[in-house]
Each structure stands twice: as C-alpha cells, then as structure tokens.
Amino acid sequence: QEKVQQSPESLIVPEGAMVSLNCSFSDSASQSIWWYQQHPGKGPKALISIFSNGNKKEGRLTVYLNRASLHVSLHIKDSQPSDSAVYLCAVTRYGSSGNKLIFGIGTLLSVKP
Amino acid sequence: GGIITQTPKFLIGQEGQKLTLKCQQNFNHDTMYWYRQDSGKGLRLIYYSITENDLQKGDLSEGYDASREKKSSFSLTVTSAQKNEMAVFLCASSTGGGSDYTFGSGTRLLVI
C-alpha cells in the first residue's frame, strides 16, 4: 500500500520568505507526483506536477523530484499572505481498474504580513 | 470552463440514518472519485468510477455505497451514519489518463 508522508505538519513564515515543503512516498513505481493547495472551506486545487527526476519551475513554484530517495519537495519563492493554505502532496497510481491519487496529510502554511 | 458541483454543502444527520451526497461535473471527464477528509488523516479514497455504471472500491468503502448512473454524476450514500461523525466529503473528476484532477468544494457532514 502506497504511503505518502509530508513534513513539516505546519509552518509559519514572514511575507517574502522562501517556503520549502517536503514529501516522501513509498513506491518507486509511483507515477506523477502532484502538489495541491487547499484553502479553508474549499476543495484542493492542483498547483504543479512532476513525473521525471529533476526539477520543474512554474512562476514562484519549483518542485524537485528524486525517485532514488523517494522524495519530492515544493519551494515557494517570495511567499505572500494569500499563499496561506494547506499544501497536499499526492502520487498517482495507475492500475488495470483506473487511476487514483493517494494523498499525504498535508502541511499547513501560514504567511504573516 | 467546467465546474464540479457538490450538493448539499452542509448535511446534518442522525445516528443510523442513510444519507446521500451528490456530485455533478460538466468537464465530460471519464473518471470520478469520492474522498473523505478528516482532520489529521488527509484524504482517503472511498469509491471511484472509470465510466458510467462502473464502481471501484477505495481504501475506505465499508459503510458506503456509490452510484454512477450517468457520466456526469456520481453519488455517495452513507449507509448508516455514526454518532459524532464529522468529516468533509470531496468529489473529484479527471480524464481517463489520470491527470488534472478537479475537486468540488465538499459536503460537510455532522452526525448528531
């Protein structure tokens, strides 16, 4: 059974800080890794995904994937109060009966003005 | 753009009651999902469906039924609500390739 673990559980940073969130997964056969953002009272919203080893940059977001160490990280540059949310790491598993996302518990980020 | 709509937004039920949650999407996505979100436990998959009339059990299917009578809709039934149960149920849809999951805003359940 795939396990997805995230750290830290929560994080408080000042506005403008660089934020680093970590995620480890248990199965090297996992396919795409996704990061989702969830604001209170809303559903998760997809931010960025990565499939291949290495890094991927989109705007203020950079994600790094190391399949050998089963680790992925998300970095948010120049954090803003509007970035305050829960960040969920999820891995896609493909199977004969369809695809599914397996989620970690999440990291609660608070960016203070 | 498309939208995924969950109804009701809030649901208060009584212990032992059968409760039904509904989800509609207009993305024309093949696959739909029901997840349960509890504080401190993340999202756990209850049921999913890869096409109309298909049902697949997730890790948390016990105590639930699901129905996919149309491609655009997916409903979830709590067969017997448990007292003091409190959770958010999230519906999602995706293309058959499994990319770009889109989530609804959730149904918040409280059982008294």
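Cut-off values and rules
Throughout, residues of each chain are indexed from 1 in the direction in which the sequence is written. Each chain is given a letter, starting from A, and each ligand a number, starting from 1, according to the order in which they appear as written. The model is predicted, so local features are restricted to residues of pLDDT at least 70 and side-chain atom pairs to those at 80 or more, both for listing and for counting; the totals for chains, interfaces and linings are taken over all residues. Heavy atoms from the whole structure form the basis of all side-chain values; hydrogens and water molecules are not counted. Any carboxyl oxygen of Asp or Glu that lies within 4 Å of a side-chain nitrogen of Lys or Arg is treated as forming a salt bridge with it. Burial classification: accessible surface area is computed with a 1.4 Å probe over protein chains only, and a residue below 20% of its type maximum counts as buried, one above 50% as exposed, and the rest as partly exposed. Buried and open spaces are told apart on a 1 Å grid over the protein atoms alone, a cavity being a set of points where a 1.4 Å probe fits but cannot get out and a pocket being an open set with protein on both sides within 12 Å along at least five of seven lines. Residues with an atom within 4 Å of a point are the lining residues. Grid points are joined across faces, edges and corners, and a volume is the space filled by probe spheres set on the points. By the criteria applied, helices consist of DSSP H or I runs no shorter than four residues and strands consist of E runs no shorter than two, each listed in order from the N terminus. Three classes are used, and their members are as follows: Ala, Val, Leu, Ile, Met, Phe, Trp, Tyr, Cys and Pro are nonpolar, Asp, Glu, Lys and Arg are charged, and the others, Gly among them, are polar. Residues qualify for a patch when their relative accessible area is over 30% and they have no salt bridge, like charges being joined within 9 Å and the nonpolar side chains of Val, Leu, Ile, Met, Phe, Trp and Tyr within 5 Å. The Shrake-Rupley method, run with a 1.4 Å probe, gives the accessible areas here. Residue values count only the displayed protein chains as cover. Should any heavy atoms of two residues lie within 4.5 Å, those residues are counted as being in contact. Disulfide: a pair of cysteine sulfur atoms within 2.5 Å of each other. In short, DSSP must find at least two bridges between two strands for them to pair. Angles run from 0 to 180 degrees between N-to-C directions of axes, and those axes are lines fitted to C-alpha atoms, restricted for helices to the stretch in contact. Accessible area that two parts lose when put together, evaluated with a 1.4 Å probe and summed over both, is termed the buried area. Polar contact criterion, stated in full: a pair of N or O atoms within 3.5 Å, where within protein one must be able to donate a hydrogen and the other to accept it, and residues adjacent in sequence count only if both atoms are side-chain atoms.

The next point concerns the pattern of salt bridges. Evaluation of the coordinates by the stated rule reveals 7 salt bridges over all chains. In this structure, Lys56(A) engages Glu58(A) in a salt bridge whose closest nitrogen and oxygen atoms are separated by 3.7 Å. Judged by relative accessible area, which is 37%, Glu58(A) ranks as partly exposed. Each member of the salt-bridge network shares a partner with another, and the members are Arg36(B), Asp38(B), Arg44(B) and Glu85(B).

This paragraph deals with the layout of surface pockets. Taken as a whole, the largest pocket encloses approximately 600 Å³ of empty space. Taken together, 26 residues make up the lining of the largest pocket; nearest its centre are Val86(A), Ile105(A), Gln37(B), Ser39(B) and Gly40(B). Along the walls of the second largest pocket sit 19 residues, with Gln1(A), Glu2(A), Ile102(A), Phe103(A) and Asp59(B) positioned nearest its centre. Contributing elements (two or more residues each) for the lining of the second largest pocket: strand S1 (4–7) and strand S10 (98–103) of chain A together with strand S5 (42–49) of chain B. If you tally residues by element for the lining of the second largest pocket, the top one is S10(A), at 4 residues. The residue makeup of the lining of the second largest pocket, split by class, is 8 nonpolar, 4 polar and 7 charged.

Our next topic: a nonpolar patch on the surface. A surface patch of nonpolar side chains, about 420 Å² in accessible area, is lined by Ile12(B), Met86(B), Leu110(B) and Ile112(B). Tracing the chain through its elements places Ile112(B) in the segment after strand S11 (107–111).

To continue, consider the environment of Lys56(A). Residue and element names in this part refer to chain A. Position of lysine 56 among the secondary structure elements: in strand S6 (residues 54–58). For lysine 56, a relative accessible area of 30% gives the class partly exposed. Spatially, the C-alpha atom of lysine 56 lies 9.8 Å from that of leucine 74, the residues being 18 residues apart in sequence. Setting aside chain neighbours within four positions, we find lysine 56 in contact with Ile48, Ser49, Ile50, Leu61, Thr62 and Val63.

A few words on the state of the cysteines. Tallied over the entire structure, the rule returns 2 disulfides over all chains. Between the sulfur atoms of Cys23(A) and its disulfide partner Cys89(A) the distance amounts to 2.0 Å. As the torsion about the S-S bond is roughly -75°, the Cys23(A)-Cys89(A) disulfide counts as left-handed. You can see Cys23(A) sitting in strand S3 (residues 19–25) and its partner Cys89(A) sitting in strand S9 (residues 85–95), a full 66 residues away along the chain. Covalent S-S linkage joins Cys23(B) and Cys91(B), the inter-sulfur distance amounting to 1.9 Å. Residues Cys23(B) and Cys91(B) share a disulfide whose torsion about the S-S bond is about -80°; that sign makes it left-handed. Of the two residues, Cys23(B) sits in strand S3 (residues 19–25) while Cys91(B) sits in strand S9 (residues 86–94), which places them 68 residues apart along the sequence. Of the two residues, Cys23(B) and Cys91(B), both sit in the buried class.

All names here are of chain A. Taking strand neighbours across the sheet as the criterion, the 5 strands line up as S1-S3-S8-S7-S6 in an open arrangement whose pairing is antiparallel. Both edges of this open sheet fall to S1 and S6, since each of them pairs with a single strand only. The average undirected angle you get between the axes of adjacent strands in this sheet is 15°. In this structure, S3 lies alongside strand S8 (residues 71–76), joined through 6 bridges in antiparallel fashion.

This part takes up the interface of chain B and chain A. By a widely used convention, the size of an interface equals the accessible area lost when the partners come together. Every contact between the two is made by 23 residues of chain B and, on the other side, 20 residues of chain A. The three residues of chain B that bury the most area against chain A are Leu43(B), Tyr101(B) and Phe103(B), which together make up 27% of that side's buried surface. Connecting chain B to chain A are 0 salt bridges. Here chain B and chain A share 4 residue pairs in polar contact (both at pLDDT 80 or more) between them. Breaking the side of chain B that touches chain A down by element, the ones donating at least two residues are strand S4 (31–38) and S5 of chain B.

As a further point, take the sheet that holds strand S1 (residues 4–7) of chain B. Residue and element names in this part refer to chain B. Spatially, the 4 strands line up as an open sheet ordered S1-S3-S8-S7, and their pairing is antiparallel. Since the sheet does not close on itself, it has two edges, and those belong to S1 and strand S7 (64–70), each with one partner. Strand-to-strand twist of the sheet, defined as the mean angle between neighbouring strand axes without regard to direction, takes the value 15°. Bridge count for S7 against strand S8 (residues 73–78) is 5 bridges, and the pairing is antiparallel. Across the sheet, the residue bridging to tyrosine 64 is valine 78, located in S8.

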